[in-house]
Amino acid sequence: MRFSVIIPVYNRPAEVEELLQSLAGQAYGNFEVIIVEDGSKVPCSDVVSKFGSGLKIQYFFKENTGPGLTRNHGAERAKGEFLIFFDSDCIIPSDYFTRVEEELATEYVDFFGGPDATHPSFTDVQKAIGYSMTSFFTTGGIRGGRVKLERFTPRSFNMGINAEVFHSVGGFSNMRFGEDVDLSLRLFEMGFRSRLFPKAFVYHKRRTDFRKFFKQVFNSGMARINLSLNHKSSLKLVHLLPSGFVMVMSAAILLSWAFPVTFLLPLLYSFAILFDSLLKKNSIRVALLSVVAAWVQLYGYGLGFIYALWLWVVHGKRPNGAFIKNFYR
């Protein structure tokens, strides 16, 4: 077996059906699919059974432990030379594995990842969130862009790794947020090489509304401090930018009551997002929503980072058990 696709699932049968439908339509066939249900109250076993004749598929149900350990559960049962990790809210283009094989033949690496894109069927909010999560103006291009402020670090919504390499580092940790970045950092520290496969993209739905999106990025901001405690040299300037954004923009908005000119700063940033998104998405509605998404993302991540810095570094409280109750909410 060349590839083992591993998908952790929690209460997402409709998403799993879309994902499996896209995997059933792959032009390349030398892969298996392993679905691991992470203690779901709404399991997807009936959905999985529909694809038993078209896919080499295994289904497992386990108690809830979070996505990292759930992926490990699937990896322990995988037969593939490479492990491919997708999130359940992804749709896979039909040439995905063909693109991966082309990249591996061009230049072999130990682990890799691809970017994400927005499918035409996604809602305007999902398209706006997708823009925000991949834009140079919000993330510095670190999530799969060609122009970026730090080296490419694969994320678990679209991540491949040699199975022997994966097991040699013990797989994912029990972190509930940032577990994919933690794995990549451990791989880097052991001398393994990664690379972006730009054509091996997936359609990633992400969160369905801005409230859930804020909670996701707030927890990601907290996780970045946790990662820096475990990996001393991992904190880079790009990771500080959202917190700086929060402080500078908040000051500019507050000062605008006395000095109206300072309001130009948030206004100019919003217009930059609006025009960039309009050029990329060709929709004024998506562009307007992208402005909201960008502010939600940067404030959410920045405030999570500041909160974790205060809680874990200033007060010395380590994140034991952090995120256990709120990962899937």
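For the structure itself, look to the data block above.
Only a predicted model underlies this, so the values are computations on that prediction, with no experimental measurement involved.

Analysis parameters
Residues numbered from 1 in each chain as written. Predicted model: local features only at pLDDT ≥ 70, side-chain atom pairs only at ≥ 80, totals over all residues. Heavy atoms only, no water. Axes fitted to C-alpha atoms, helices over the stretch in contact; angles between N-to-C directions. Helix = DSSP H or I, 4+ residues; strand = E, 2+ residues; numbered from the N terminus. Parallel < 35°, antiparallel > 145°, perpendicular 65-115°, else oblique. Left-handed = near helix turned anticlockwise from the far one by under 90°. Contact = heavy atoms within 4.5 Å. Nonpolar A, V, L, I, M, F, W, Y, C, P; charged D, E, K, R; others polar. Phe/Tyr/Trp six-rings, centres within 6.5 Å; stacked < 30°, edge-to-face > 60°. Buried < 20%, exposed > 50% of the residue type's maximum accessible area, 1.4 Å probe, protein only. Lys NZ or Arg CZ within 6 Å of the ring centre and 35° of its normal. Pairing = 2+ DSSP bridges. Right-handed = clockwise from strand over helix to strand, strands pointing away.

Here we look at the packing of helix α5 (residues 124-134) against helix α9 (residues 210-230)
Next up, step 1: The N-to-C vectors of α5 and α9 enclose an angle of 25°; their axes lie 11 Å apart at closest approach. Looking at the two axes, α5 sits roughly parallel to α9. Our pair here, α5 against α9, has a crossing hand that is right-handed. Together, Val125, Ile129, Ser132 and Met133 of α5 and Phe210, Phe213 and Val217 of α9 make up the contact between the two elements.
Next up, step 2: Class assignment for the residues of the contact of α5 with α9 results in 6 nonpolar, 1 polar and no charged.

Section: the packing of aromatic side chains
Next up, step 1: Tallied over the full model, the rule gives 24 aromatic pairs.
Next up, step 2: Ring plane angle 55° and centroid distance 6.1 Å describe the contact between Phe82 and Phe112, whose orientation is recorded as tilted. Residue Phe82 is found in strand β4 (residues 82-86), and its partner Phe112 is found in strand β6 (residues 111-113); the two are separated by 30 residues along the sequence.
Next up, step 3: Since its relative accessible area comes to 1%, Phe112 is described here as buried.
Next up, step 4: Within the aromatic cluster, the residues linked to one another by ring pairs are Phe3, Tyr28, Phe31, Phe82, Phe86, Tyr96, Phe97, Tyr108, Phe112 and Phe197.
Next up, step 5: A cation over a ring is seen here: Arg71 above Phe172, with NZ or CZ 5.1 Å from the ring centre.
Next up, step 6: In this structure, Arg77 is placed above the aromatic ring of Phe60, and the distance from its NZ or CZ to the ring centre is 5.5 Å.

Section: the pairing of strand β2 (residues 31-38)
Next up, step 1: Where burial is concerned, most of β2 is hidden: 8 out of the 8 residues are buried.
Next up, step 2: Burial along β2 is two-sided: the face carrying Phe31, Val33, Ile35 and Glu37 and the face carrying Glu32, Ile34, Val36 and Asp38 are both buried.
Next up, step 3: Where strand β1 (residues 3-9) lies against β2, 7 bridges are found, and the strand directions are parallel. Along β2, the bridge assignment pairs Ile7 with Ile35.
Next up, step 4: Crossover connection from β1 via helix α1 (residues 13-24) to parallel β2: handedness right-handed.
Next up, step 5: Relative to strand β3 (residues 57-62), β2 runs parallel, the two sharing 6 bridges. Each bridged residue has a counterpart across the sheet, and for Asp38 the counterpart in β3 is Lys62.

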